[in-house]
Amino acid sequence: MTLKPQPLLGKYINELVALLKPLYPMAKRWLHRFNGGVYPAYMKNLSADKPIHEMIIPPKLIIPLQQQIGQSAELLVEIGEQVKKNQLIANSSKDAGKALVVPIHAPTSGVIREISEQTLPHPSGLKDICIVLEPDGKDESIQNVLGVDGKAPQSPQALKDIILQAGIIGMGGAGFPTYAKIPNEKNRVEMVLINGAECEPFITCDDLLMQNEATSIIEGAVITAQALGAPKIVCGIEANKQKALEAMRHAAKLAEQNDHCDIPIEIIEVETVYPMGGQEQLIYELTGYEVPHDKHAIQVDLLMMNVATYAAIYRAVHYGEPLTCRLVTITGLELNESFNIRAMIGTPFDTLIGAAKPKRQIDFSAIMGGPMMGFRVASNQVPVLKTTNCVLVNRPEPEKLQMPCIRCGECMDACPINLLPQQMYWHAQAQEFNKVEKLNVFNCIECGCCSYVCPSNIPLVQYYRHAKSEIRQLNQEAAAAEVAKQRHEFRLERLEREKQEREARLKAKKAAVKQQLQKQNDADKAEQESAGNTPASAAAKARAAAAKAAAAKRKQTSTEATSDTDQTHDKAIPAARRRAIEAAKKASAKAAAKNASDSTTTKQSSATDEQADKKNQAKQAAMAAAKKAAAKRAEQKKSADDNNLAHDYGTANNSASTEAKTKPDARQQAIEKARQKAREMAAKKAAEKNSTPKEADDND
Ligand code: SF4
Ligand code: SF4
């Protein structure tokens, strides 16, 4: 890579330009490398020679939740909450990488008074959510709120983490989150570039920063280069900032003499031409690399940042300080004392304007930025942001009479991006926005060079801004229409798919039922075939079934008969038992009567003993008789079982039923017989009782 520190045409070019300058001022364009550019009145002397104004604590700070390209930070405080300087009051989301969100810290100590929508310093003049902090004047701060150890990070990720936590964004005006600009890979970046070309008229904050904090800027660049493994640092400063050049060269020399810095640092003086401070223009000027318009500098392995951004990185890494204030130029033709001030983020413009002692009452709104790229704010109550480099207090100029384009081509010569400004203007005027887009209007950096040189006073940049917003709107509408169309098509597809699926399911179900029926039929057929399902066999089957049914009926009848027989037996068994008992009693009574007659003459005690013995003998005899009767019953039961068996086989139905009918008569007779005997025995005993009462009692 070859640097371009000298004019293209050597040392004689300056003499040639000096000769041509009265005739054609734009001859100075030969002194720099990029195309076009203009030489406005810089007016930097209003503030460049003044010392930095001491910090002001305003009555209130208005801190927007979004100050950068990306989305708003997440609120962390409530109304009435007391906060300290450097305290985190709004955080980046978890998905900070996608949303490009950076945290916000309190610029001073105080109380949160409001969380409401406030007008922002934006060309649209729209409102957004802001934290309104009422300072308590103590400016109590939290030291090293980022918790750093002061050592330089050794990897890109470590550096990015600190930069993100500190809430640092590009302070040159673009407002791109710095952590998102730094690559993740080490040794990828070929050169770390410092942008010290403050090309906008009136603005001197970078100049003053370089004059007063050159060491911080160089150290910040060294920290960045070391973390990324970049082999070289190059800084470009315009020739109209000689004090800054000296300070930066001195700081670079000191850094190179230190042991911790082994990276060469080059400070290059570049031509004073607007827009030298544009990133692409300065890169081209310093390196000869032309960054394609559809790419960022980091995509060609170059990292360029503003001097204020490097200073903020240094303070974050070494002291753990977040970005809560920045150097701002307060200047303008309407102010008596222009100055640069380290202003707290959120300081209202009118507080700063008042400190600069306006020449008369300010009944117009100020410009944020310079006269070329700046814009007039909606109100002077809007706050300083992290991207605010200048508050320009110039009375609005009367509108110049706009004339038709004379096709002089001056705008094309002045354009640093090599666009075709007049063609874009024609199509924009004709509302042919698609043609404006094809002319790469989105590559336009809105530098204002074309408007500046236009002899017809055509506000060309306004046409491009309008065209850009219209194209964005149309693209959004087209995108929304495309989404709606896709959704409609997806819906139709879904309905058709569901219909087809429904039909397929129905078809499958029908097929399954059919298959099941087929299987059933096949199985029945197979069964019939295996069983020889002929008319003759069917008749045989029917006969077998009839026989089976008859057998079952017979069995049931037999079971009922057996049940009757069993009941009869149950009745017969107690009768036999009773008979046995009666017989036993009879025998006992006989024995007792015999014993009584034999022992009428013996003593009462011996008679009693004898009678007891006989009683025992009678009992034993009764038991023997009972056993006999039980054996007989068992035999009878066996006989009955045999009869049942005979019933089952249908061989003794008649005889069994006859026996069952005759048996109760015989039993009845036996019972009657036994009862008769018992009555006789009772009569006999009664007679004996009358003669021997004691003996009768014993028998009971
Ligand atoms: S500078 Fe103005 S007049 Fe000349 S071509 Fe461009 S737009 Fe037309
Ligand atoms: S405003 Fe756009 S078109 Fe005009 S000179 Fe600048 S870059 Fe070119």
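The name given to the protein in an unreviewed UniProt entry is Ion-translocating oxidoreductase complex subunit C, and the organism recorded there is Thiomicrorhabdus sediminis.

This part takes up the overall build of the protein. Looking only at helices and strands, the protein features 19 helices and 17 strands. By sequence separation, contacts in the protein at least 24 residues apart represent 73% of the contacts at least 6 residues apart. For the protein, the computed accessible surface area is about 37,800 Å², with 52% contributed by carbon and sulfur atoms.

This part covers the site of ligand 2. In the vicinity of ligand 2 there are 14 residues, among which Cys415, Cys444, Cys447, Gly448 and Cys450 approach most closely. Elements that contribute at least two residues to the shell around ligand 2 include exactly helix H12 (421–429), helix H14 (449–453) and helix H15 (460–530).

Before going further, it helps to examine the nonpolar core. In summary, soluble globular proteins display a tendency toward joint burial of nonpolar side chains. Counting residues in hydrophobic clusters, the biggest one holds 64 residues, and the most contacted among them are Ile194, Ile217, Ile218, Ile233, Met248, Ile265 and Ile267. Look past the residues within four positions of Ile267 in its chain and what remains in contact with it is Ile218, Cys235, Ile237, Leu245, Met248, Arg249 and Ala252. Counting 27 residues, the second-largest nonpolar core is a separate cluster that includes Met191, Tyr274, Ala297 and Val453.

So, about the packing of H12 against H15. Running from N to C, H12 and H15 point in directions that differ by 55°, and their axes come no closer than 9 Å. Taken together, H12 and H15 sit at an angle that is classed as oblique. Both H12 and H15 take part in a crossing whose hand is left-handed. Across from Pro421, Gln422, Met424, Tyr425, Ala428 and Gln429 in H12, the residues of H15 making contact are Leu460, Tyr463, Tyr464 and Ala467. Its residues placed into classes, the contact of H12 with H15 shows 8 nonpolar, 2 polar and no charged.

Inspection of the secondary structure puts Thr324 in the loop between helix H9 (307–319) and strand S13 (325–331). Overall, Thr324 belongs to the buried group, its relative accessible area being 4%. Linking Thr324 and Asn86, residues 238 residues apart in sequence, is a C-alpha distance of 7.0 Å. Aside from chain neighbours lying at most four places away, what touches Thr324 is Lys85, Asn86, His105, Ala106, Pro107, Ala343, Met344 and Ile345.

Our focus in this paragraph is the state of the cysteines. The final tally for this structure, using the stated rule, is 0 disulfides. Its sulfur unpaired, Cys205 is 7.3 Å from the next cysteine sulfur, which belongs to Cys390.

Okay, the packing of aromatic side chains next. One pass over the full model with this rule turns up 2 aromatic pairs. For the pair Tyr425 and Tyr463, a centre-to-centre distance of 4.9 Å together with 80° between the ring planes defines the contact as edge-to-face. Taken together, the residues Tyr425 in helix H12 and Tyr463 in helix H15 connect sequence positions 38 residues apart. On the accessibility criterion, Tyr425 (4% relative accessible area) is buried. Of note, Lys28 hangs over the ring of Tyr39, and the distance from its end group to the ring centre comes to 4.1 Å. The lysine or arginine in question, Arg33, covers the ring of Tyr284, its NZ or CZ lying 5.8 Å from the ring centre.

Okay, the UniProt feature "binding site: [4Fe-4S] cluster 1" (unreviewed entry) in the protein next. In the numbering adopted here, UniProt assigns the feature "binding site: [4Fe-4S] cluster 1" (unreviewed entry) to Cys405, Cys408, Cys411 and Cys454. The named residues occupy 50 residues along the chain; their greatest pairwise C-alpha distance, 10.6 Å, places them in one compact cluster. Mapped onto the secondary structure, Cys408 falls in the loop between strand S17 (390–392) and helix H11 (410–414). Of the residues examined, Cys411 reaches a relative accessible area of 8% and is grouped as buried.

Looking now at the pairing of strand S5 (residues 88–91). Every regular strand shows the same layout, with side chains that alternate between the two sheet faces. Note that strand S3 (residues 74–75) and S5 share 2 bridges and pair antiparallel. Opposite Glu74, over in S5, you have Asn91 as the bridge partner. As paired elements, S5 and strand S6 (residues 104–105) share 2 bridges and run antiparallel to each other. In the strand pairing of S6, Ala90 is matched with Ile104.

Across the sheet, 4 strands lie side by side as S2-S8-S7-S4; this open sheet has antiparallel pairing. Single-partner strands in this sheet number two, and they are strand S2 (61–64) and strand S4 (82–83). As paired strands, S4 and strand S7 (residues 110–119) are joined by 2 bridges and run antiparallel to one another. Bridged to Val83 within S7 is Gly110.

Together, Lys590, Lys673, Lys677 and Lys684 line one region of the surface with positive charge. The element best represented in the positive patch is helix H18 (residues 653–691), accounting for 3 residues. Within the element layout of this structure, Lys590 appears in helix H16 (residues 535–598). The class of Lys590 is exposed, set by a relative accessible area of 52%.

The next subject is the pattern of salt bridges. Scanning the entire structure with this criterion turns up 16 salt bridges. Arg465 is the partner of Glu446 in a salt bridge, and the nearest nitrogen-oxygen pair spans 2.8 Å. Of this pair, Glu446 sits in the loop between helix H13 (433–438) and H14 while Arg465 sits in helix H15, placing them 19 residues apart in sequence. Relative accessible area serves as the criterion here: at 34%, Arg465 is assigned to the partly exposed category. Ionic contacts of the salt-bridge type, sharing partners, join the residues Glu213, Arg315, Glu321 and Arg342 into one network.

On to H15. Here H15 spans 101 Å end to end across 71 residues, near enough to the 105 Å set by a 1.5 Å rise per residue. Of the surrounding secondary structure, the elements contacted by the buried residues of H15 are H11, H12, H13 and H14.

Per the UniProt entry, the sites bearing "binding site: [4Fe-4S] cluster 2" (unreviewed entry) are Cys415, Cys444, Cys447 and Cys450 in this numbering. The greatest C-alpha distance among the annotated residues, which extend across 36 residues, is 10.6 Å, indicating that they converge on a single site. By the secondary structure assignment, Cys444 is in the loop between H13 and H14. With sequence-adjacent residues up to four places away left out, Cys444 is seen in contact with Leu419, Tyr464 and Lys468. According to the relative accessible area criterion, Cys450 is buried, its value standing at 8%. If near-sequence neighbours (up to four positions away) are discounted, Cys450 is found in contact with Cys411, Pro421, Leu460, Val461 and Tyr464.

Definitions and limits used
Residues numbered from 1 in each chain as written. Chains lettered and ligands numbered in written order. Predicted model: local features only at pLDDT ≥ 70, side-chain atom pairs only at ≥ 80, totals over all residues. Heavy atoms only, no water. Helix = DSSP H or I, 4+ residues; strand = E, 2+ residues; numbered from the N terminus. Contact = heavy atoms within 4.5 Å. Areas by Shrake-Rupley, 256 points an atom, 1.4 Å probe, with all protein chains shown as cover. Near = heavy atom within 4 Å. Core = buried A, V, L, I, M, F, W, Y, C linked by side-chain atoms within 4.5 Å. Buried < 20%, exposed > 50% of the residue type's maximum accessible area, 1.4 Å probe, protein only. Axes fitted to C-alpha atoms, helices over the stretch in contact; angles between N-to-C directions. Parallel < 35°, antiparallel > 145°, perpendicular 65-115°, else oblique. Left-handed = near helix turned anticlockwise from the far one by under 90°. Nonpolar A, V, L, I, M, F, W, Y, C, P; charged D, E, K, R; others polar. Disulfide = S-S within 2.5 Å. Phe/Tyr/Trp six-rings, centres within 6.5 Å; stacked < 30°, edge-to-face > 60°. Lys NZ or Arg CZ within 6 Å of the ring centre and 35° of its normal. UniProt positions renumbered as here; feature names shortened; annotations may be inferred. Pairing = 2+ DSSP bridges. Patch = residues over 30% accessible without salt bridge, like charges linked within 9 Å, V, L, I, M, F, W, Y side chains within 5 Å. Salt bridge = Lys/Arg side-chain N within 4 Å of Asp/Glu carboxyl O. Lys, Arg positive; Asp, Glu negative; His and termini not counted. Charge placed at Lys NZ, Arg CZ, Asp CG, Glu CD. Expected span 1.5 Å × (residues − 1).

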